[in-house]
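# Residue-level structure breakdown
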Amino acid sequence: MKREFKRTGSLIRMRLSDYEAGLLGSLVEQLVELIEADAAEPTSSDPFELWQAELATSEPLDRSDPVITRLFPDAYPDDPVASAEFRRLTQTRQRNDRRDQAEVVLRALEECDGGARPVQVQLVDLDAWLKTLTALRLSLASRLGIRTVDDLDDIEELADDDPRGFAFRLYEWLAYLTESLLSMRP
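About the thresholds
Residues numbered from 1 in each chain as written. Predicted model: local features only at pLDDT ≥ 70, side-chain atom pairs only at ≥ 80, totals over all residues. Heavy atoms only, no water. Helix = DSSP H or I, 4+ residues; strand = E, 2+ residues; numbered from the N terminus. Buried < 20%, exposed > 50% of the residue type's maximum accessible area, 1.4 Å probe, protein only. Contact = heavy atoms within 4.5 Å. Axes fitted to C-alpha atoms, helices over the stretch in contact; angles between N-to-C directions. Parallel < 35°, antiparallel > 145°, perpendicular 65-115°, else oblique. Nonpolar A, V, L, I, M, F, W, Y, C, P; charged D, E, K, R; others polar. Expected span 1.5 Å × (residues − 1). Pairing = 2+ DSSP bridges. Core = buried A, V, L, I, M, F, W, Y, C linked by side-chain atoms within 4.5 Å. Patch = residues over 30% accessible without salt bridge, like charges linked within 9 Å, V, L, I, M, F, W, Y side chains within 5 Å. Areas by Shrake-Rupley, 256 points an atom, 1.4 Å probe, with all protein chains shown as cover. Salt bridge = Lys/Arg side-chain N within 4 Å of Asp/Glu carboxyl O. Lys, Arg positive; Asp, Glu negative; His and termini not counted. Charge placed at Lys NZ, Arg CZ, Asp CG, Glu CD.

Scanning the chain from terminus to terminus reveals 7 helices and 3 strands. Along the chain, from the amino end to the carboxyl end, the secondary structure elements read β-β-α-α-α-α-β-α-α-α. Residue burial in the chain is summarised as follows: out of 186 residues, 37% are buried. In the chain, of all internal contacts separated by at least 6 residues, the share reaching a separation of at least 24 is 73%.

Structure, rendered in C-alpha cells:
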C-alpha cells in the first residue's frame, strides 16, 4: 500500500492500512496503560483541590522498568534526593500530559474507522502526535537496548530469525511516521 501524507490548510491526512491503524492504536493504548499504572484518579473538579492533590505524594512510577526511566528520566541524575522531590512535584502533571497527548492520537485513529478513511491530524494536534510517536520509539528503544548509535548499528544487523526484528521494524516504522508528519509542518 502506498503511503500518503497530504496537508490541506490546517489538516494533515495520512493513509494507513487497517493493520497499521490497529497496530498503532494498540501501541498507544499500551503506552497509556503503562503511564496510568498506579496513577490516582482525581476526585474533585475544584482547581485548587486538583492542584493540591497534584502536589501531594502520589504513587511513584515503577522506576525498575527501563521504559519508565526513559520516558521520565531523573531531572538531577547526580542528586537522588532532588530527583525524588522533582518527581513528587511534577510526576502527576507529566503523566497527565503524556496520557492526554496519547488520547489525541487514539481519537484520530478511532475516526479513521480502522483504516477505511485517512487519519486526520489537525495541525494544532501535531505536537501531541509527535510526542506520542516519540514516546513509543523511546519505549521500543528501551526494550531493544538501543542507547547509542553503536547499539542501533548492532540491532540493524539482526539475523532474520531474531525475535527482536519485529520490534525493530516497528521502531523504524514509527520513525517513518514521525518524519512524514514533521515534513507536513508549516
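Even without a glycine there, the phi angle at aspartate 113 is positive, about 55°. Locating aspartate 113 in the fold gives a position in the loop between helix H4 (80–111) and strand E3 (119–122).

Helix packing for two helices is described by the angle between their axes and how far apart those axes are. The contact between H4 and helix H5 (residues 126–144) brings their axes to 8 Å, and the two run at 105°. In terms of axis orientation, H4 runs roughly perpendicular to H5. Residues Arg98, Gln101, Ala102, Val104, Val105, Ala108 and Leu109 of H4 form the contact with H5, whose participating residues are Ala128, Trp129, Lys131, Thr132 and Ala135. For the contact of H4 with H5, the class distribution of residues is 8 nonpolar, 2 polar and 2 charged.

Time to look at H5. The end-to-end C-alpha separation of H5 is 27 Å, in line with the 27 Å expected for 19 residues at 1.5 Å each. Just past H5, the residue glycine 145 takes up positive phi, approximately 80°.

Next up on the list: the sheet that holds E3. Taken in spatial order, the 3 strands line up as E1-E2-E3 in an open sheet, and their pairing is antiparallel. Of all the strands in the sheet, the pair left with one neighbour each is strand E1 (5–8) and E3. The average undirected angle you get between the axes of adjacent strands in this sheet is 25°. Relative to E3, strand E2 (residues 11–14) runs antiparallel, the two being bridged by 4 bridges. When the sheet's bridge partners are listed, methionine 14 is paired in E3 with valine 119.

This next bit is on the nonpolar core. In terms of nonpolar packing, the biggest core is built from 48 residues, with Leu24, Val119, Trp129, Leu177 and Leu181 touching the most fellow members. The residues touching leucine 24, leaving out its near neighbours within four places in the chain, are Leu16, Leu109, Trp129, Leu133, Leu136, Trp173, Leu174 and Leu177.

Here the focus is a negative patch on the surface. Side chains of Asp150, Asp153, Asp154, Glu156, Glu157 and Glu172 sit close together on the surface and give a patch of like negative charge. Broken down by element, the negative patch gets its largest block of residues, 4 residues, from helix H6 (residues 149–156). By the element assignment, aspartate 153 lies in helix H6. Using a relative accessible area of 36% as the deciding quantity, one classes aspartate 153 as partly exposed.

So, on to the pairing of E2. Inspection of the sheet shows E1 paired to E2 by 4 bridges, in the antiparallel sense. Considered in E2, the bridge of arginine 7 is made with isoleucine 12.

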